[in-house]
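# Descriptive analysis of the structure
Here's the letter readout for the chains.
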Amino acid sequence: MDWFELLFAAEVAVGGLLSGVMYALVAIGFVLIYKTSGVLNFAQGAMVLFAALTFVNLVERGVPFWVSVAVTLAAMTALGFGIERTVLRPLANRSPMTLFMATLGLSYVIEGAAQLIWGTQVHRLDLGISNAPFEVWGIFISTFDLVAAAIAAALVAALTAFFRFTHTGLAFRAVADDQFAALAVGLRLDRIWATVWAAAGVVALVAGLLWGARLGVQFSLSLIVLKALPVLVLGGFDSILGAIVAGLVIGATEKLAEVYIGPFFGGGIEGWFAYAVALIVLLVRPSGLFGQKRVERY
Amino acid sequence: MSFLKRVAPALLAAAFLASPALSDEQHFPLQSYRVGPYAAGGTGFFGGFIDYLNLINTRDGGVNGVKLTWSEGETEYEVEKGVEVYQRLKSNPGIAAWNPLSVGIAYAMIDGVTADKVPLITINHGRTDTTDGRVFPYVFPLLLNPYSETSGIVNYIAGKEGGHEALKGKKIAVLYHGSPYGKETIPIYELLAEKYGFDLVQIEVPHPGNEQGAQWLQIRRERPDYVVLRGWGVMNPVALTTAQRNGFPVDRIIGNVWSNSEEDVRPAGDAAIGYTAITTQASGNQYPVLQEIIKTVYDEGRGNLSDPARIGSVYHNLGIVNGILNVEAVRIAQAKFGNRTLTGDEVRWGFEHLQLSTDRVKELGAENLFHSINVTYDNHEGEGYVTFQQWDGQKWNVVSDWIAPDWSLLRPIIEKSSEAYAKEKGLPIRTEADAEGTVSN
């Protein structure tokens, strides 16, 4: 392999790692909810769409940027509380499959509501971050992707600090470890679930803004869950660190596979390649690389 | 008996004979998509189509007195829902034609409409070999099929380079959507590369195309002179922004006919300024037919678009042109069969005689909105001309003359494919005499 090819491979890998950060950003929203309530929230993509559509429509109507952020945050928090009250609470103690199907239905409701309220037009979302690349040792790196990675890192740091150093965070961890024990010591499960859904709404807003600036704010934003699912399988459904590491692995692997293995299959393999990797991991390590191993005794 | 009682029946009878029956209506069932991932295109296209039908009803009282009616069924651009809507609406009386604006739904309907003997219009898209009306009597890829589009794009690039000879040694990369639609043109690009001597790289983007880092790095490594973007939906703005991130000049990217709308470029912001795309119909609302729609339909509160700022956008104008072609096919068929509700097969005859010269297009208020069309029993595309438009950040500007694809080169390939289809399905090859016969249904 000559120097140019080596440089090219490095560029593909770096591009993949930066894309992986974006996948992880969506995956973190799933992890938050799964960790505390055991629900695989298929509506996370719809929440991303709802957050981005709400924000961009406010901005287009002349609402200042930070006011729009605040209003959207409030809307996402209200949505989180609303979901807990109307969907999760009535379905408490039902099987995981029932809850999963409920979130599947919820995703359709949120997508429909988002289009009903804000219309079906495609919107430009300009966060003021340059899309132009800069060169480091012959490798083009996108400014936008770097800023997105920094924002994702800040979000992970904030969530980690929240879980470790706040009472609510401790309560989240207690519920995640053992719901019945948490109930026994007087923790209010309904409040914790409502708060965690609101937190997932905040993550959805961050993901929605970054993905929306990349793709445009349009319905396809809800499809980014398809990028997050293999990340979750690989990293484990209940590990924020796992989501980040798996995002990086999946991002780099799928890009390298597309470039170097894709030509043998006629190209266009990255869509399914990530799932193939996830399937192999599932067979070898069902709880993912960082997920908690669950032992059930009968 | 009073005078009134004596003359009233005679007056009623005279009125009945002098004009089409009150119940004479021609119906258009619409498999529209106003929600879901492609709603922006669906609302524009079906909005334009309905606006034109409304104009004809309001201004002219219908086509020679026959009112145009329509009913909508939501498909969200999903094939199963499109087929369900087809099954639900096909029993409506007086159906003129189907216009699903979806490759997948159109593919699924071919056998059905052939059995029903009702035309299926796939303007600017669909199976290329359905151009051959000898094999596909009820399918009409009006104005532009995928092969003609490819030829038009290559001719445009040749024009920019100083002729087809100048294509020798150039390299063109085609970035295509990973779907049957995207893959439809792979063989014709290979053929044209061989004929004109340019190097060709074809790169697939998996659906939906919201991540293209690897593909554009490959493009950077290949260093093509041009990239043809054969995209759909979110793939288009992502292609433009990813090209910018990889330092590929936007004025060297040529979009195909489904990468040419405002919805494809606006989300890309500055990255789209200077991007050029092919089209069969110009955008803008300066054309007389658009002005009439604004005055007669929108000013009276009957416009179909919820946002009037979208009047004259690419999809809206495509819907209007589609409306013109459907209505003129009905008018042409009426001239032969009478001013009444026509059967689907009679409208098929109308489409097979849909010849609109540039003069007739001008009479219809659509001069330079689209060029002309010349459909015959064996050519269901109708030799549509194409033009190219460039995005300036606010609107599209036409940057070329009307360009003719290389139909004579394409026709034998189309016939080879359609004849193979006919053999596989055991279908007869129609003659002109067969096409002149119609059945009532």
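Given the structure is predicted, the values throughout are model-derived calculations rather than measurements.

Our next topic: the overall build of chain A. Within chain A one finds 11 helices and two strands. Taken from the N to the C terminus, the helices and strands of chain A come in the order α-α-α-α-β-β-α-α-α-α-α-α-α. Computed over its C-alpha atoms, the radius of gyration of chain A comes to 20 Å, within 12% of the 19 Å expected for a compact globule of 298 residues. Along the first, second and third principal axes, the C-alpha atoms of chain A reach 65 × 55 × 35 Å. Buried positions account for 49% of the 298 residues belonging to chain A. Sequence-distant contacts in chain A: of pairs separated by 6 or more residues, those separated by 24 or more amount to 74%.

The next point concerns the overall build of chain B. Each helix and strand counted, chain B has 16 helices and 13 strands in total. The globule rule puts the C-alpha radius of gyration for 441 residues at 22 Å, and the 23 Å found for chain B is close to it. Oriented by its inertia axes, the alpha-carbon framework of chain B measures out at about 95 × 50 × 40 Å.

Let us now look at the domain arrangement of chain B. How large an interface is tends to be reported as the accessible area lost when its parts come together. Residue and element names in this part refer to chain B. Assigned domains within chain B: domain 1 (20-144 + 284-387 + 415-436) and domain 2 (147-279). Distance between the C-alpha centres of domain 1 and domain 2: 28 Å. Tallying the contact residues gives 14 residues for domain 1 and 15 residues for domain 2. Those elements that place two or more of their residues in the side of domain 1 that touches domain 2 are α2 (39-60) and α12 (314-337).

With that out of the way, let us pick up the packing of helix α6 (residues 167-177) of chain A against helix α8 (residues 189-215) of chain A. Axis angle and axis distance: for two packed helices, these are the angle between their axes and the distance between the axes, and together they describe the pair. Residue and element names in this part refer to chain A. In the contact formed by α6 and α8, the axes pass within 10 Å of each other and the chain directions differ by 110°. With respect to their mutual orientation, α6 and α8 come out roughly perpendicular. Here Thr168, Ala171, Phe172 and Val175 of α6 come into contact with α8, specifically with Leu189, Ile192, Thr195 and Val196.

Ala27(A), Val48(A) and Ala52(A) are the most contacted members of the largest nonpolar core, which totals 220 residues. Sort the elements by how many residues they give to this core and α8(A) lands first, with 19 residues.

Now for the interface of chain B and chain A. Taken together, the 35 residues of chain B in the interface contact 35 residues of chain A. Those elements that place two or more of their residues in the side of chain B that touches chain A are α2, β6 (199-205), α8 (213-222) and α9 (235-245) of chain B. Among the residues forming the side of chain B that touches chain A, the class breakdown is 15 nonpolar, 13 polar and seven charged.

Within this structure's numbering, the places UniProt gives as "domain: Leucine-binding protein" (unreviewed entry) are residues 34-393 of chain B. Between the first and last C-alpha atoms of residues 34-393 of chain B the distance is 26 Å; the span itself is 42% helix and 13% strand.

All names here are of chain B. The residue after His207, namely Pro208, is reached through a cis peptide bond having omega 0°. Secondary-structure assignment places Pro208 in the loop between β6 and α8. With a phi angle near 60°, Lys117 is a residue other than glycine that sits in the positive phi range. Mapped onto the elements, Lys117 comes out in the loop between α4 (103-116) and β3 (120-121). Taking the C-beta count within 10 Å as the criterion, Lys117 has 18 such neighbours and is therefore assigned partly exposed. Unusually for a residue other than glycine, Arg223 sits at a positive phi of about 50°.

Here we take up the environment of Ile56(B). Residue and element names in this part refer to chain B. The topology assignment puts Ile56 in helix α2. Residue classification places Ile56 among the buried positions, given that 21 C-beta atoms sit within 10 Å. For the pair formed by Ile56 and Lys67, sequence separation is 11 residues and the distance between their alpha carbons is 8.5 Å. Not counting the four nearest positions on each side in its chain, Ile56 is found in contact with Gly62, Val63, Leu68 and Val327.

Our next topic: the pairing of strand β1 (residues 25-32) of chain B. All names here are of chain B. Among the eight residues in β1, six count as buried, and that is most of the element. With eight bridges joining them, β1 and strand β2 (residues 67-74) adopt parallel strand pairing. Bridging from a neighbouring strand, His27 pairs with Thr69 of β2. Chirality of the crossover, the property in question, places the unit of β1, α2 and β2 among those that are right-handed.

A few words on the environment of Leu175(B). Residues and elements named next belong to chain B. Along the chain, the position of Leu175 falls in strand β5 (residues 171-177). Separated by 56 residues in sequence, Leu175 and Gly231 have C-alpha atoms that sit 7.5 Å apart. Not counting residues within four places of it along the chain, the set of residues in contact with Leu175 comprises Ile203, Val205, Gln215, Val227, Leu229, Arg230 and Ala239.

Take the environment of Gly169(A) next. Residue and element names in this part refer to chain A. Here Gly169 shows up in helix α6. By the C-beta count within 10 Å, which is 16 here, Gly169 ends up partly exposed. Placed 10 residues apart in sequence, Gly169 and Leu159 show a C-alpha to C-alpha distance of 8.7 Å.

An α-helix turns once every 3.6 residues. As a result, residues three or four positions apart point the same way. All names here are of chain A. The end-to-end C-alpha separation of helix α5 (residues 143-165) is 33 Å, in line with the 33 Å expected for 23 residues at 1.5 Å each. Of the residues making up α5, those classed as buried are Phe144, Asp145, Ala148, Ala149 and Ala152. Where the residues of α5 are buried, they touch α1 (3-37), β2 (139-142) and α8.

The rules behind these values
Residues numbered from 1 in each chain as written. Chains lettered and ligands numbered in written order. Predicted model: local features only at pLDDT ≥ 70, side-chain atom pairs only at ≥ 80, totals over all residues. Helix = DSSP H or I, 4+ residues; strand = E, 2+ residues; numbered from the N terminus. Rg over C-alpha atoms; globule rule 2.2 N^0.38 Å. Buried ≥ 20, exposed ≤ 12 C-beta atoms within 10 Å, placed from the backbone. Contact = placed C-beta atoms within 7 Å. Domains from an automatic or database assignment. Axes fitted to C-alpha atoms, helices over the stretch in contact; angles between N-to-C directions. Parallel < 35°, antiparallel > 145°, perpendicular 65-115°, else oblique. Core = buried A, V, L, I, M, F, W, Y, C linked by C-beta atoms within 7 Å. Nonpolar A, V, L, I, M, F, W, Y, C, P; charged D, E, K, R; others polar. UniProt positions renumbered as here; feature names shortened; annotations may be inferred. Pairing = 2+ DSSP bridges. Right-handed = clockwise from strand over helix to strand, strands pointing away. Expected span 1.5 Å × (residues − 1).

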